[in-house]
Structures are given as structure tokens and as C-alpha cells.
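These are the residues of each chain, in order.
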Amino acid sequence: MKLVRLTGLLMALLLVNATSAIAQDVVIRNATVLTVTGGTLENTDVLITGGIISEIGKGLRTPRGTEEVDATGKFVMPGIIDAHSHIALSSVNEGSSPVTAEVSMEDVVNPYQIGIYRASAGGVTTSHLMHGSANVIGGQNETVKHRWGSSDPNDLRFEGAPRTIKFALGENPTRVHGRRGTGGTGAIVPATRMGVEQVLRNAFEHGKRYMEAWDAYDAELASNPRAVPPVWNERMEVMADIIRGEVLVHCHSYRADEIVMLTRVLKDYGVDKITFQHANEAFKVAPELAAYGAHASVFSDWWSYKFEVYYSTAYNTAILIRNGVITSINSDSGELNRHLYHEAAKTQRYGNLEDDEALATITINPAIQLGIQDRVGSIEIGKDGDIAIFEGHPLSVYAVPEMTFVDGVKVFDRAADPDDVRLEVDPEGAIGQYEGQITSRDHFHDQNEVIDFLEAFGDLEDVITETTHN
Amino acid sequence: MSEATAIRGARIVQAPGRVIESGTIVIRNGVIESVGRRVDIPYDARIIDGDSLTVYAGFIDALTNVGVPESDDDNPTGSVPDRSNPTFERAGIAPQKDVRMHLDASDKSVASHRQRGFTAALAAPRGRMLPGQTSLVLLTGDKASDMVLPGTRPVLFEFEGAQGVYPGTPMGMMAQFRQLYREADRRMGVQAMYDANPSGLSRPPYDEVHAAFFSVIEGDTPIISFTSDALELRRALSLSDELGFNLMAAGLNQGFDVMDELMSRGIPTIVTLDIPDRPDWAAKADQDSLDQVLASYNDDTRTATFRDIEAEKRNLEAKQLVARTEFLTMPARFAEAGIPFAFTTYGLSVNVMRRNMMEYIANGLSEDDALSALTVDAAAILGLSNVMGSLDAGKMANLVVTDGNYFDKDSKVTIVFVDGNQHLTGDCSGSGCSDKFSWGN
């Protein structure tokens, strides 16, 4: 029967597809190694065994079976870390409530999404997958490694990475919640920046009381077996964990006043781990941020895409770093993440950062902000075998990413880069139209999911006009 | 004693692989009285000449809205004071909703299902994230209560977000599910303490939504998830792992990527009869040209689009054929891996049931395994093995009678017995046999 014969052929193809990369020991030979934290090493080998960098040196002897990569004349740097990304997610904004601390991107990681491979093709090995900016307190984020090829979201998880959570100040939450009167619901707090602060304070205060109520219950239980536990609240569980210091805050922000406002709120609740995302006016309050120990994760040279971000400067990064603020440069985009090395290089044009300082903005600095600096962000013995190999210095405009390794597994090789690497193919749609295509909407970043959500309300026009991105 | 019916001289498929080429089956009072090669036909039996007929055990649809008319309440929309805090009803959270209160024996879906050979089903209420409690039903009877069977009543869970209110996204639904479950767990503990000795305790809070989770937490009631892609299925599995409830997994589109996880858990598996449409370009192509497309497939193609858009397109088409085949071969791969499964028509028009099943068979599923999914395995998964799933004396008289091998394209279901009630008379030679049914269409 014809179909059955066909099936045999197809099954053979399926098996080919199912083959995925297997960790193998690999040595990268004779490269210019940009360690970021330990200077630049010429004509140097890097050996990765069992997924970990085990030796760095010249003329390394390697175990039998080690894969050899000749990197003569090439540059080797730590895998790039994108501290702000929305790739590989099934949903981005639970935009129905100003506080949704209980939701987690961990639940919606999409390992099939082609954006993972594209990011790898730009030398990115780790992404911080964030909730969107619709809510004042959005969901918990997920730090992932670009282990392309698995269909199991758990395989991508950066095991041991600290929990982080998205906050958002300013126009996005006030527009989504405070100025909407359609879709069968009235406007709710916050409609203003004052309201944003009040939403934060309410959430923290409820979280604190919740924590105290459970502590009191636990204490009472010791003497009274009939103690009644407080009402369970997933949202307040997370607020309590933030207060306990178990969740790092990453806050979407633009203006200097709101940035300072958040440090004051956090101080009142003893929260000291904060990274301001976007933070286009952070340079105005750089000393204050440094004093608080706050970090910043910014765009290289992008602003004026809406009113609250009308004012900024491409010197933002350099000013922050010179003031002692640990600063990273992020993409917030499934397109821009492919050339973060260019974005980092702009800090040399605008601010004259040293090579290692510029590279740090896309390696060790985001690693620190995500609490994974012991594992990634530099080329050091004992760190993960997350490596990017470039033709040309990565800070040069002529830089071309050639190979990318995650845990010693080659996830991108420019010399072996077929047209179609999709893991998931729409079995019935029209050819050439599939999820993951780069379209004009990709340049709207985390707006997409807000749009999807708001379509249900019928005031989409309003939202698109006023933009909800970044 | 009521009249018996005997189908005489028929091909009787008692169960997959257990066939009597010419035998007799006798039913009485809704029960199979005897079945075998040589059976004494009772003097009072009405006799159906089975000369050209094949008899199978009645089919079972392991998740469906059959018998549940659509209602405006299924998809709650409209104004709420605060969309961040809607009522449970507005958010589509109704685990307490009992499908037995919503059955309508006269709903035309009942006859329509039955005409395809379905005799029993797990009927689900309509709704969104948590539509309610399902029930085993027989596809016969004059009123809803005639239909209802005792047995398992899993609570249905789907990733259907609330419209315009919390929770709207998969991550919101995951969080809301955990919230409901853990608070229900707490309330159960408080209630138990109160029941043992209320002295000095405030009255525990009660609402029917949380209360509906109590038997889930106790392990008496499973959650049945309906998922439509691999990631949804993984989410349901992780909720089950995390919270510890019993899960039945239905739908399972793209479940081929989650086979290991399904196998290691050994959870009840219910496969959708929904299949991807043939893409437009392939629908127009003949088999030879599809073969050509496939033969030219190269997973290492590197074509400059601007130079040879046709070559790139052909390769994309080939890859799409491969992808579609992954869906179509899934039941065959489940069977080969030893994962027993039932079928579901949930969310589908029952009209496509046979056509799509034949696609599964064309893609490697054996007829016996398909029949198992419709009968014996479905009965096992739903806890009905003692009354259904095979043609054995003592079991309920649920029979499907066809005029040839059920899996032959031209065969027709001629009679269906449900609980001994005969539907679709085979004697349609005259006029007025409007329910004569051919499934070829």
C-alpha cells in the first residue's frame, strides 16, 4: 500500500530529525581568548570536559576522543548573556491584574521557538526570559541556557539560577490598567506614577503581613496543635519570598524619579537586590544607584520611542559604569539579541570603555545581575563550557560569530547552518508562514503578548497607537 | 422476562484478535446472555440473520461533549467591576459543575455519536479552564437520568483562558490552578479539624469551587486534562507531579514529543481523533508528486532564497509532510511502545471520526489496535472493563453491527445496541428509514 511505504520513508526521516547533540569533550585551539575577567590570552587553547572549562593554556594535551576546533586567528569569548529577553515563551503578559507575582515564565518556556537558535547564532548562550511590562509586579522570570534541540522545557533551565521577578513602572502599567475603560471593566489603580508606587507598597505590605501570619501560625503550632493556618495565597507567597531576599527584582523603568522611588520602596522592605531594566535616565541618578548597590541593564543607544523615554543618551552605560553601577546591555528583542556584541561595542564609541569593560556588559555583568556569575560570564577554569567563537574581534564592526557552545555542546556552527533548523513544523499551514518568522512585530518587543491579550477587549487600536513596548 | 434478541450466524469480534467467524450472540435485559460458535437460541428470541454482518463491542468515546447542549454560560463574557478579581464563574472556573445536570437525552449529538458506533462515553460539561465534573454515560434513553452510569467522574481541566479577565494566559492558569488546589488542601485540613471538634474554632470557609477539589486531593477523583500541544501536556504533567493528583491525559496532539514522560508515569492516555488538515498545496497534489517532494528532502539544504526560491519551497514542503506524518503516526507509535490508549472526539465534529481514524491506520496503526482504543482499552481506562469493552456473556449489551469489516471503507454501521436498546434498524429497504447511515461521507 502506497501510504504505508511512504510512512517507512518518513519514519526514517523522523529518526534523523530526532538526533540531537550529545556532550562531547572539545578543545578550542590557538585562539585569542577574551576571558573578560582575566585579560586576553594569545594563541591559547581552551579545553572543555564534561561541559566544564577544565584547562586554559598553550598546547594543551587532551584526552583521546576530544573534538578539536582550530581557532587560529579567531577570537574566543564567553557565551553572551542577554539579561532581558522574551524569546521562547508561550505567553509574556498576564495583563489582567496589576500584580501577578504568582505567575512564572518557568511554566511557559517554549523550547521549540526558533529564536533560541537565532540567539545562539549571535553568540548568546543564556537568556533571561522575562514577564512583560503590563503589570506593576509581573511574573517571575526564567533564566535559560540555549540548549537547542530538546523539546523538554526543563532541559533549558539554568539549574541553580536564583529566582527573579519582573516589576514595571510608568506608562505601561498605567496604560494597561489605569486608562482602560473598555472590555467590560473600569479603569483600576494605577493610573499615575503615584498609583504605581501605591500598588507596590500595597503588595509589599500584604506580602509582609502574609509572611508574619504564617510565621505566627508556625510558632503557635508548636504549642497548639489546633492552630488554624492562614488562607493560602500564591501571590503573597512570592511577595514574601521577595522580602526574604530569595527573589531578585528586575524592574522595567525609564525615568530617574521612578527609579529613585523604587529604591525607596525596596529599602522600606529591606530588599537590596535590584536591577533596573531599560533605565534610560539611570545616568541621572548613577551615584544614588551605586550607593544602593542597584544594577542597571540598558539599551546601547535607543530611546525616544515614547514620551517617558523621550530623554536619554548613548553614554548611559559608560556613565553608570564609571559611577560604579554594574551595568549590562540587553536586547529585549528576538532580533537585536543576534548582535549584542555590536551593542556592547557602542560603549566604546560613546564613552570609551575598555575592551573588557565593554565585553563585560554582555557577559559577566548580566551574569552578576542574574546571580549566575559563578557559572558563566567569563572564561575561567571551572566555569561552564559556554563559549562563542568569532571571526574578527567581537567589538569590531567586522565581527562574525562562527560557533557557539553551550556546556561544551556545539549549538551553532556557521559552517554547518542549514536553511531550516526548526524543531517544530506546522503540519497544515501554508508554506512560508510559520510561528517564529521575523516580522515587523518583532521590533515591538514585549508588546506582542499585550496585544494578544487586549484583542479580547476590543481596544487594540488604542494600545497600538500608544505603544506598549519596552 | 422480556424478549431476547439473537444475532445468528454473524462474524463476531468479541475483542481484538478474538473472532468467531460464524457465531451467535444472544442479549436479554440489556445483558449479553451468551455468545459463541454454537449457542442455543432461546425460544422467545427475536432473530436477526447475521449472515453478512459483523458484530463488535460497542465503541466508547473517552471524552466528549455528547449530550450536552451548548449554552450561553459556556463562555462567560461581559462586564466585571474588576478584571483582576473576577468571580469564579466569569473566569471559567467551575470544577463543581456536574455534567449530569446538563445532559439532554434528546440532544441530536447523542444519535449522531451512536450512528458512528459509539455506545458509551465520558461526557464533559462545556466551559473554559475548569468546565466541571464529567460522567460516564450511555448513549441511549429518553431522559438524562437514563444515560448516567456510575463510576469515575474526573474533573476536566483545559488551557482555555478567561476572556478579558484573570487568568487569561497559560502561566496565569497554572498559577490559578495551584492557588485553588493548595487553598482547597488547607481548607480540607481545617474542616477535618472542625469536624473532629469544633469547640473554639471559627467556622471553616466553604465554597463549592474549593470543595470540588477535596476528592481530587484525596485521590478519589482524577483530573482529566485536555491538551492540544506538547507544551500544554507537559504543563498538565508538571501540575500533577507537583501537586500529586491523579491525572488522565486527553487530547495529546503532538504527544509524540512527550512519549517517554507518558510511559514513565503510566497515566491513562486518551488520544484525539483530530488530525492536521492536509496542507492546501498537498491537497491538490497527487501521490506521485508528493513522493517526489519527499524524495528530494534534504535536511542540510542551503539555498539562497533569491536564487532558487523553488528549491527552498520544495524542501519546506517536504519537511511539512514529515511533520504531518509525526502527528498521523502517533497512535501507531504509542501502540508499538505498549502505551494503551483510548480515543476522544472532544472538540471535534463526530463526522470526521472514521475518516481520521483511517488516516491513523494508513499511517501504521493496526486495525486491532484501533479497535482496542475504541473498545477494550477505553473500557479499562474508564474503569468499565467489568461491563464493557468486549463481547462476553454477562457484560452489558453494547453492540455495534456492521455489514462488513468495520475498517473497510465501504462498510456501514447498520445496528447499534446500547444497554440492549436497538437503534438504527438494519431493515431499511423500504421508505421512511431516514436514520439509515453511511459513514463514508
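Residues numbered from 1 in each chain as written. Chains lettered and ligands numbered in written order. Predicted model: local features only at pLDDT ≥ 70, side-chain atom pairs only at ≥ 80, totals over all residues.

### Considering the nonpolar core
The condition that has to hold: Core membership is restricted to buried Ala, Val, Leu, Ile, Met, Phe, Trp, Tyr and Cys residues, and these are joined into a nonpolar core through C-beta atoms within 7 Å. Partly exposed residues are those whose C-beta has more than 12 but fewer than 20 other C-beta atoms within 10 Å; 20 or more makes a residue buried and 12 or fewer makes it exposed, with C-beta atoms placed from the backbone. Here a strand is any run of E in DSSP of at least two residues, a helix any run of H or I of at least four, and the numbering for each starts at the N terminus. Our contact criterion uses C-beta atoms placed from the backbone: two residues qualify when those atoms are within 7 Å.
Among the nonpolar cores identified, the biggest contains 229 residues, and Val76(A), Ala282(A), Val55(B), Ile60(B) and Ala62(B) are the most heavily contacted of them. No other element matches helix H3 (residues 170-196) of chain B, which puts eight residues into this core. Leaving out residues up to four positions away in the same chain, Val76(A) has contacts with Ile28(A), Ala31(A), Thr32(A), Val33(A), Leu34(A), Val46(A), Ala71(A), Ile387(A) and Ile389(A). One finds Val293(B), Ala318(B), Val322(B) and Ala323(B) within the second-largest nonpolar core, a separate group that totals five residues.

### Some details on the pairing of strand E11 (residues 274-278) of chain A
All names here are of chain A. Worth spelling out the cut-off: Strands qualify as paired when DSSP identifies two bridges or more between them. Whether a crossover is right-handed comes down to one check: with the strands pointing away from the viewer, does the path from the first strand over the helix to the second run clockwise; if it does, it is right-handed.
Counting buried residues in E11 gives five out of five residues, a clear majority hidden from the surface. Pairing geometry for strand E10 (residues 247-253) and E11, over five bridges, is parallel. Counterpart to His250 in the pairing with E11 is Thr275. Each parallel crossover has a hand, and for E10 linked through helix H7 (residues 256-268) to E11 it is right-handed. Across three bridges, the pairing between E11 and strand E12 (residues 295-298) is parallel. Each residue of the ladder has a partner; that of Thr275, found in E12, is His295. Of the crossover connections in this fold, the one passing from E11 over helix H8 (residues 286-292) to the parallel E12 is right-handed.

### Focus on the domain arrangement of chain A
One frequently used descriptor of interface size is the decrease in accessible area upon assembly of the parts. Residue and element names in this part refer to chain A. Test applied: By convention here, the domain bounds are inherited from an automatic or database domain assignment. When residues are sorted by character, Ala, Val, Leu, Ile, Met, Phe, Trp, Tyr, Cys and Pro go into the nonpolar class, Asp, Glu, Lys and Arg into the charged class, and all the rest, Gly among them, into the polar class.
Segmentation of chain A into domains returns domain 1 (1-79 + 378-424) and domain 2 (80-376 + 439-466). Listed per partner, the contact involves 25 residues of domain 1 and 31 residues of domain 2. Broken down by secondary-structure element, the contributors of at least two residues to the side of domain 1 that touches domain 2 are strand E5 (75-78), strand E15 (400-406) and strand E16 (409-413). For the side of domain 1 that touches domain 2, the element with the highest residue contribution is E15, accounting for three residues. Per-class residue counts for the side of domain 1 that touches domain 2 are 15 nonpolar, five polar and five charged.

### A closer look at the interface of chain A and chain B
Residue-level contacts link 51 residues of chain A with 63 residues of chain B. For the side of chain A that touches chain B, the leading source of residues is helix H1 (residues 2-18) of chain A, giving ten residues. Looking at the side of chain A that touches chain B, its residues break down into 26 nonpolar, 16 polar and nine charged.

### Topic: the sheet that holds strand E8 (residues 132-133) of chain B
Residues and elements named next belong to chain B. Note the following rule: Throughout, an axis means a line fitted to C-alpha atoms (over the contacting stretch in the case of helices), and angles, computed between N-to-C directions, take values from 0 to 180 degrees.
Spatially, E8-E10-E11-E12-E13-E14 is the arrangement adopted by the six strands of the open sheet, whose pairing is mixed. Either end of the sheet is taken by a strand with one partner, and the two such strands are E8 and strand E14 (342-344). Two strands pair when backbone bridges link them, and strand E13 (residues 269-272) and E14 are joined in this way by three bridges, in the parallel orientation. Opposite Val271, over in E14, you have Phe343 as the bridge partner. Against the sheet, helix H5 (residues 230-243) engages strand E10 (155-158), strand E11 (223-227) and strand E12 (247-251), with an angle of about 170° to E12.

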